[in-house]
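Listed below, chain by chain, are the residues.
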Amino acid sequence: MIKITIPKEAIELHKNTYCKEISQYLRDVINSTTIYIDKNIPHARLTSGEKSFLEFILQHINEIMIADPHRLEELIELITTEADQQFVNNTTCRDRIYKKILPKIFDYESFRDGISWRFDKTNGKRLSTKNEKWNGNIFIEKLGVRCCPYCNRAYVFSVKRENSQKTVKPCLDHFFSQSRYPYLGVSIYNLVPCCTVCNSSLKGNIDFNLKDYLHPYCDEHLHDHFKVNIATTVKSLKGYKLKDSDIEFVCSEKVQKHVNDFALKEFYKKHLDYIQEIVIKINDYGDKSYWDSIKRYDVADPLQLLLGNFWQSEDINKRPLAKITADLCEQYGISIIDD
Ligand SMILES: [Zn+2]
């Protein structure tokens, strides 16, 4: 994982579309006599505690939608304290707000699918409109991230099939759990493009925080804390067939939880065949005739052509397994040979 920067343009789009729409929707919910929750509760009346709590959310709506992860973590504290005060001894109201009302307002699936909502004052239901100017697909495109920042093993493309309305939907992880903090369902700094294995099978509902985990939009780089190396017991790479036990990991205390929760050591060992190929290429790298044969193609980065992957740390997010490639190049001091 290397730091991902959300472009200003994306933040502005989020602020000027979803943030405005959700603010208005929230305002309408607060001011409405009744709201439609579901078919069992079609004309719900908000209690004064529920209204006060939603007003508190409305006061912080801009920050909720576009603040950075550190501020989001502070907002979680503030909002949890407010909920504790408003819903003291009233788990029914708390559950209704957290499980029924907030998920409909901060509706992640709609952002992913390109749907906007406005409040229907006649019946308290939601009216949908297609939003093709700003949605999860466009967000991932603007980020320019091509593969999962958590594992660097899978692409995160989302595509629309020709002659079909069907789209492969993007997978956006909620760094801070959506089920625990439903008001962060469409917060731009809480949406991390990632692969389905990391999102659903591994991270799931684990309560991530900034103390124990690295956030892809914050300053820290996982790459600086976790390296894939060949064991020093392997003295010569020439003709050597690697074994599982030859793969070693350098892992600082800071990223232990990340590495464990995403099973990075276990998964990377499954790529022994890839590591073996990189090791062979690194070995050939010193062979001048091989190097010359690559250079004749006149590509911008002949070493990338030789290795079949990006090899510099800043390019890790561009292709799966580039992290392994970069780590091994660093271990063996590989870089472009000048003439
Ligand atoms: Zn992943």
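Fair warning: this is a prediction, and the values are worked out from it, not measured in the lab. (Residues numbered from 1 in each chain as written. Predicted model: local features only at pLDDT ≥ 70, side-chain atom pairs only at ≥ 80, totals over all residues.)

When its secondary structure is counted, the chain shows 14 helices and six strands. Each principal axis of the C-alpha distribution contributes one length, and for the chain these read about 80 × 45 × 30 Å. Taking all 339 residues of the chain together, the buried fraction comes to 33%. When contacts within the chain are restricted to residue pairs at least 6 apart in sequence, those whose partners lie at least 24 apart make up 68%. (Helix = DSSP H or I, 4+ residues; strand = E, 2+ residues; numbered from the N terminus. Buried ≥ 20, exposed ≤ 12 C-beta atoms within 10 Å, placed from the backbone. Contact = placed C-beta atoms within 7 Å.)

It is worth spelling out unusual backbone geometry at this point. The phi angle at Asn 152 is positive, at roughly 55°, despite the residue not being glycine. In this structure, Asn 152 sits in the loop between α7 (136-143) and β3 (172-174). Here Asn 152 falls in the buried class, since 27 other C-beta atoms lie within 10 Å of it.

Side chains on a regular strand alternate between the two faces of the sheet. Burial analysis of strand β2 (residues 126-130) places just zero of its five residues in the buried class, a small minority of the element. Bridge count between strand β1 (residues 115-119) and β2: five bridges; the pairing is antiparallel. Residue Ser 116 lies in a different strand from β2, and its bridge partner there is Thr 129. Connecting β1 to the next strand, β2, in antiparallel fashion are six residues, including Gly 124 with a positive phi near 75°. (Pairing = 2+ DSSP bridges.)

With that settled, the discussion passes to helix α1 (residues 8-31). The end-to-end C-alpha separation of α1 is 33 Å, in line with the 34 Å expected for 24 residues at 1.5 Å each. Maximum bend of α1: about 30°, positioned at Lys 15. Every buried residue of α1 is listed here: His 14, Tyr 18, Cys 19, Ile 22 and Leu 26. Contact partners of the buried residues in α1: α2 (48-59), α3 (61-66), α5 (91-105) and α6 (108-113). (Expected span 1.5 Å × (residues − 1). Bend = angle between axes of the 7 residues up to and from the residue.)

Ranked by size, the top nonpolar core spans 70 residues in total, and within it Cys 148 and Cys 194 carry the most contacts. Counting contributing residues, this core receives three or more from each of domain 1 (8-203) and domain 2 (222-331). Ignoring anything within four residues of it in the chain, the contact list for Cys 148 reads Arg 153, Ala 154, Val 156, Cys 194, Cys 195 and Cys 198. (Core = buried A, V, L, I, M, F, W, Y, C linked by C-beta atoms within 7 Å. Domains from an automatic or database assignment.)

Per the domain assignment, the segments making up the chain are domain 1 (8-203) and domain 2 (222-331). For domain 1 versus domain 2, the separation of C-alpha centres amounts to 38 Å. Of the residues lining the interface, 13 residues belong to domain 1; the matching set on domain 2 comes to 13 residues. For the side of domain 1 that touches domain 2, the class distribution of residues is nine nonpolar, one polar and three charged. (Nonpolar A, V, L, I, M, F, W, Y, C, P; charged D, E, K, R; others polar.)

Next up on the list: the packing of α1 against α2. If you want to describe how two helices pack, look at the angle between their axes and the distance between the axes. Viewed as axis vectors pointing N to C, α1 and α2 meet at an angle of 160°, and their least axial separation amounts to 10 Å. Here α2 runs roughly antiparallel to α1, going by the angle between their axes. In the packing of α1 onto α2, the handedness of the crossing is left-handed. Contacts from Ser 23, Leu 26, Arg 27, Val 29 and Ile 30 in α1 reach Lys 51, Leu 54, Glu 55, Ile 57 and Leu 58 in α2. (Axes fitted to C-alpha atoms, helices over the stretch in contact; angles between N-to-C directions. Parallel < 35°, antiparallel > 145°, perpendicular 65-115°, else oblique. Left-handed = near helix turned anticlockwise from the far one by under 90°.)

What follows is about the confidence of the model for the chain. Put simply, the chain has an average pLDDT of 89, and 98% of its residues get 70 or more. In the model of the chain, helix α12 (residues 288-295) stands out as the element of lowest mean pLDDT, 77, in contrast to α3, which has the highest, 97. (pLDDT = per-residue confidence, 0-100.)

This part takes up the environment of Tyr 155. By the element assignment, Tyr 155 lies in the loop between α7 and β3. Judged by local crowding, Tyr 155 falls into the exposed class, with 12 C-beta atoms found within 10 Å. Each C-alpha atom of the pair Tyr 155 and Pro 320 lies 6.6 Å from the other, and the pair is 165 residues apart in sequence. Aside from chain neighbours lying at most four places away, what touches Tyr 155 is Arg 146, Cys 147 and Pro 320.

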